Amino acid sequence: MLLFFILGLLVHFVFFGSIFDIYFTSPLVHGMTPQFTPLPPPAKRLVLFVADGLRADTLYEFDENGNPRAPFIRNIIMHEGSWGISHTRVPTESRPGHVALIAGFYEDVSAVAKGWKENPVGFDSLINESKYTWSWGSPDILTMFAKGVGGDHIYTYSYDAESEDFGAYDVTKLDTWVFDNVKEFFHAARNNQSLFSKVNEEKIVFFLHLLGIDTNGHAHRPTSREYKDNVKVVDDGIKEIVSMLEHFYGNDGKTAFIFTSDHGMTDWGFHGAGHPSETLTPFVSWGAGIKYPQKVSAQKFDDAFLKEWKLENWKRQDIHQADVAPLMASLIGVPFPLNSVGILPIDYLNNTDLFKAESMFTNAMQILEQFKVKMTQKKEVTLPFFFTPFKLLSESKQLNIVRKARSYIKQRKYDEAVSLCKELIHLALKGLSYYHTYDRFFLGINVVLGFVGWTSYASLLIIKSHSITRGVSKEVKKPSHLLPCSFIAISVLVAFFLLIQDCPWTYYVYCLLPVPIWYAVLREFQVIQDFVLSLLTFPPSQLVGYLFIFTLGIEVLVLSFFYRYMLTAGLIAFACWPFITQLWTRAKSISLSWIFFSLLLAVFPLMPVVGRKPDIFLVMGAGLLVLLLSLCVVTSLIKRKDRFINEELLLHLFQMLSIVLSMCVVYTTHDSLLKKQGLPLLNQIISWITLASSFVLPLLSPTSLFERLFSILLSSMSAYLLLSTGYEALFPLVLSCLMFVWIRVEQETLQQLSVSYKQKATSLQFTYSPDITQFRQLYLDDIRRAFFLVFFLVTAFFGTGNIASVNSFDLASVYCFLTVFSPFMMGALMMWKILIPFVLVMCAFEAVQLTTQLSSKSLFLMVLIISDIMALHFFFLVKDYGSWLDIGTSISHYVIVMSLTIVLVFLNGLAHLLTTKKLRLCGKPKSHLI
């Protein structure tokens, strides 16, 4: 069984990774020739301000007193420059956002493996093309553009990473540090001849990365006073820097300024997906080469932002984030970044029509170069008779468009030239996308074959192990050598086909994986045949009915990712389940408990999602309820047992003390952060000790079913309270109560089927290992049990306020453990918070398997089959077109359901460890009689 789970785990890792190879591989190509405009640029220098995490609405809106939130920027919009909204793409993270702004291409998703801090593939950028660049800000961002760049023309000045503390008294110091250091730099330049000559060169860039707004957003949320006040600090700082630069350069009119953001932020202080609050960022430019404000009487936009921001009369010009890179390159006359896919927004340029036409022609040639290289690369690794070129942009059409555009420029037909260049750019971008996704259908077919094959094989294992087809066919045929020889030949042919096309190693994995899987399936042809014959013995109406119910259940699970209230509907249906079975008549008290806790749990999916305000009193209330329940349980155990062992009593008391400490830590930490006094060191130490002990303490408890599960609940709750900010603290408690009832319900249900059962659930030991001959045969009701588990696991995710998105997190959850920004550590803590309810469900599932006398392998296989069917459903729903909200949501769904399937294997092992293993203190052996 262990070998099977290892193989299953590897197969699911392949399925999980396939989405990134099929939909989100690196878009970068190399080998292009640099392209630049042959005319003198309007600016000698460029100043780029990036306010990390700033939403467009927060910058442009008015404050509570009716005054502009950023008066200097509004004055620029109305009197000096041009403005609009910059539309970002997923993933809306700092690193990929800056890559789009400065390098002009959208994120390679494989960079997630490096925490967004590096790009897995080298790339060109505006900073690399500049003569000199000076940058100030976060070390995470600045080093990314300096790393691996030849020469010594890039200078970075950054503060320590420890300064990025969400619990600090005033994180606006991250921005004031940048402004102060820029001022000191230019003050030093006046007294340093070498530096003075460098800052007076042409084609130079000053990059100011301002992280305070993002940090305040994470710590206090974008609707907070701290976030909005930080915008004012940035506005004042930019005003001072602009004034200082104009004075330093003697108002020579050769400085171009750009102010924007890398991404926005959700109302709950997170980013990463495609919600408009994350993808709509401000863009304001002014200075050399930039158009002055244009007054208009009407503008055509679908949103109501112009009226809200009182900017109806100032022309708004929206751009895509990648368009900023070619704009900056054209302003200072450096080559366009080689990998840029941005389209020059010429409406921002204040220059001659000739300059605009030449710049757009340069932009078109730069993107066409990428198209040519991409086509050549794909052609070289594809057999001639299999290669299908992009027909909309043949070589002859390329030459025709380029010649015609150049002819229009010579004839001074600049508008026609610009229009033709835009057409060439759009065709080249379509061609790039075509070759980038050239193998998508081929890879998708192979992954689907693997999915279907694996699900079929898992089903056959269940059928074989329970002799479901027994009595249909007694003839056993000798295995033929034809089948293995055929599959070996197929493997050789597939490998040879991939080898001569010089395909990446991952292609071998996706294409060869289905071969052994389907061989394992087809070698059981006799079992398949017998199973089909046994199905034919069922009445057709009954068979269709079962199939309909199963399909309906899967669809409810799928729909719950889109509509959380579907879980509520499902739990209400669960509450009605005793009435349609004999359970209500046989065990009314258990049925009433099942109905009560099902309906109580059904409330949670209807509660507000992430983004709600913290409510520490609900966390305190949850802690008090756990303590009250603990007192009742301990009292019951003392009365039930003739002698309650001191060690067991001490363990329960210690776990109760952990709950009390967790409540105190949550309350005092919340109070300290409100006063902006940071995270108390003692609280931090207690939190980490509590978290570590929550893995060990359950192993010290007795292995009797009820006591071990209750010990797991207490330890989990002590850690969960530290990670809670509101009503979700109550969720594990209600879920666990339902799990305890579920165990009793399954035992009662099994007795209704006339299955002999000798022991009560209260007397069962998790260490009890029945002989394999005692395992009963599979019933249809066992499919229902597997479905219940998957449903409870999905409820465990959505019931705590999560949404089906990769940004379904609230950083405030980890503030009892750390407040200094650490993406991997914070991510690990938030993932553990999500997994705690999963662990509770899986531990209960261990008990269900024990009480129902069914092989754990069979039940777990059914769970995997249901999960894989869901995963395949979401695989077909993944898309890379449409709105970025839709794209991000489709990715999130697949990632979540595949992660659930993979994590299930780990959780099954963890639950088995937590329920069956026993640690002994001081070497005292104990015997637990069954």
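In what follows, the structure referred to is the one given above.
Residues numbered from 1 in each chain as written. Predicted model: local features only at pLDDT ≥ 70, side-chain atom pairs only at ≥ 80, totals over all residues. Heavy atoms only, no water.

Engineer: Residue-level account of the overall build of the chain, with values.
Structural biologist: When its secondary structure is counted, the chain shows 34 helices and eight strands. The buried share of the chain, reckoned over its 930 residues, is 56%. Relative to all contacts within the chain whose residues are 6 or more apart in sequence, the contacts with residues 24 or more apart total 79%. Of the roughly 39900 Å² of accessible surface on the chain, 63% is carried by carbon and sulfur atoms. (Helix = DSSP H or I, 4+ residues; strand = E, 2+ residues; numbered from the N terminus. Buried < 20%, exposed > 50% of the residue type's maximum accessible area, 1.4 Å probe, protein only. Contact = heavy atoms within 4.5 Å. Areas by Shrake-Rupley, 256 points an atom, 1.4 Å probe, with all protein chains shown as cover.)

Engineer: Could you give me a rundown of the nonpolar core, with the residues and numbers involved?
Structural biologist: Of all hydrophobic cores here, the largest spans 152 residues; its most connected members are Trp 594 and Phe 792. When neighbours within four sequence positions are excluded, Trp 594 is seen to be in contact with Phe 574, Ala 575, Trp 577, Pro 578, Leu 738, Val 741, Trp 742, Val 745, Phe 788 and Phe 792. Counting residues in hydrophobic clusters, the runner-up holds 67 residues, among them Val 324, Met 328, Ile 332 and Ile 409. (Core = buried A, V, L, I, M, F, W, Y, C linked by side-chain atoms within 4.5 Å.)

Engineer: Which residues make up the sheet that holds strand S1 (residues 45-51), and what are the values?
Structural biologist: The mixed open sheet is built from eight strands, whose spatial order is S4-S3-S5-S1-S6-S7-S2-S8. Two strands in the sheet have a free side with no partner beyond their single neighbour: strand S4 (154-158) and strand S8 (319-320). (Pairing = 2+ DSSP bridges.)

Engineer: Explain the pattern of salt bridges to me, using residue names and the numbers behind them.
Structural biologist: Tallying each qualifying case throughout the model produces 20 salt bridges. Two residues, Glu 64 and Arg 225, come together in a salt bridge whose shortest N-O distance is 3.2 Å. In this pair, Glu 64 sits in the loop between helix H2 (56-60) and helix H3 (71-79) while Arg 225 sits in helix H10 (residues 225-248), placing the two residues 161 residues apart along the sequence. For Glu 64, a relative accessible area of 54% gives the class exposed. For Arg 225, a relative accessible area of 41% translates into the label partly exposed. (Salt bridge = Lys/Arg side-chain N within 4 Å of Asp/Glu carboxyl O.)

Engineer: Explain the packing of aromatic side chains to me, using residue names and the numbers behind them.
Structural biologist: This structure, assessed with the given rule, holds 65 aromatic pairs. Between the aromatic rings of Trp 577 and Trp 594, the centroid separation amounts to 5.9 Å while the plane-to-plane angle is 65°, which identifies the pairing as edge-to-face. Placement of Trp 577 in the loop between helix H23 (565-576) and helix H24 (583-586) and of Trp 594 in helix H25 (residues 588-602) is noted, with a sequence separation of 17 residues between them. One exposure class covers both Trp 577 and Trp 594, and it is buried. Counting every residue linked through ring pairs, the aromatic cluster contains Tyr 132, Trp 134, Trp 136, Tyr 155, Tyr 157, Phe 185, Phe 186, Phe 196, Phe 206, Phe 248 and Tyr 249. The lysine or arginine in question, Arg 406, covers the ring of Phe 361, its NZ or CZ lying 4.4 Å from the ring centre. Positioned above the aromatic ring of Phe 788, the side-chain terminus of Arg 784 is 4.8 Å from the ring centre. (Phe/Tyr/Trp six-rings, centres within 6.5 Å; stacked < 30°, edge-to-face > 60°. Lys NZ or Arg CZ within 6 Å of the ring centre and 35° of its normal.)

Engineer: Just give me the short version of helix H4 (residues 94-103), but keep the residues and values in it.
Structural biologist: Extensive coverage of H4 is indicated by the burial of 10 of its 10 residues. On its buried face, H4 is in contact with S1, helix H5 (126-129), helix H6 (139-146), strand S5 (204-210), strand S6 (255-260) and helix H13 (324-332). Immediately beyond the C-terminal end of H4, within one or two residues, lies Gly 104, with a positive phi of roughly 85°.

Engineer: Can you explain helix H22 (residues 540-559)? Please cite residues and give values.
Structural biologist: Spanning 20 residues, H22 covers 28 Å between terminal C-alpha atoms, matching the ideal 28 Å at 1.5 Å per step. Listed as buried for H22 are Gly 553, Ile 554, Val 556, Leu 557 and Val 558. (Expected span 1.5 Å × (residues − 1).)

Engineer: Mind laying out the environment of Ser 394, listing which residues take part and the relevant values?
Structural biologist: Inspection of the secondary structure assignment puts Ser 394 in the loop between helix H14 (353-380) and helix H15 (395-410). In this structure Ser 394 comes out as partly exposed when scored by relative accessible area, which is 29%. In this structure the C-alpha to C-alpha distance between Ser 394 and Gly 431, which are 37 residues apart in sequence, comes to 9.9 Å. Among the polar contacts made by the side chain of Ser 394, one reaches the side chain of Ser 396 at a distance of 3.1 Å. (Polar contact = N/O pair within 3.5 Å; in protein donor to acceptor, adjacent residues only side chain to side chain.)

Engineer: Please provide a residue-by-residue account of the side chain of Glu 358, values included.
Structural biologist: Here Glu 358 is to be found in helix H14. Overall, Glu 358 belongs to the buried group, its relative accessible area being 8%. Reaching out from Glu 358, the side chain makes a polar contact with the side chain of Arg 406 at a distance of 3.0 Å. If we skip the residues at most four places from it in the chain, Glu 358 touches Thr 37, Pro 38, Leu 39, Arg 406 and Ile 409.

Engineer: Which residues make up the pairing of strand S3 (residues 132-137), and what values go with them?
Structural biologist: Counting buried positions along S3 gives six out of six residues, so the element sits mostly inside the fold. As paired strands, S3 and S5 are joined by five bridges and run parallel to one another. Across the sheet, residue Trp 136 finds its bridge partner in S5, namely Leu 208.

Engineer: Explain the packing of H23 against H25 residue by residue, including any values.
Structural biologist: Relative orientation of the contacting elements H23 and H25 amounts to 175°, with a least axis distance of 8 Å. Judged on the interaxial angle alone, H25 and H23 are roughly antiparallel. Side by side, H23 and H25 meet where Thr 568, Leu 571, Ile 572, Phe 574 and Ala 575 of the first sit next to Trp 594, Ile 595, Ser 598, Leu 599, Leu 601 and Ala 602 of the second. When grouped by side-chain class, the residues that make up the contact of H23 with H25 number nine nonpolar, two polar and no charged. (Axes fitted to C-alpha atoms, helices over the stretch in contact; angles between N-to-C directions. Parallel < 35°, antiparallel > 145°, perpendicular 65-115°, else oblique. Nonpolar A, V, L, I, M, F, W, Y, C, P; charged D, E, K, R; others polar.)

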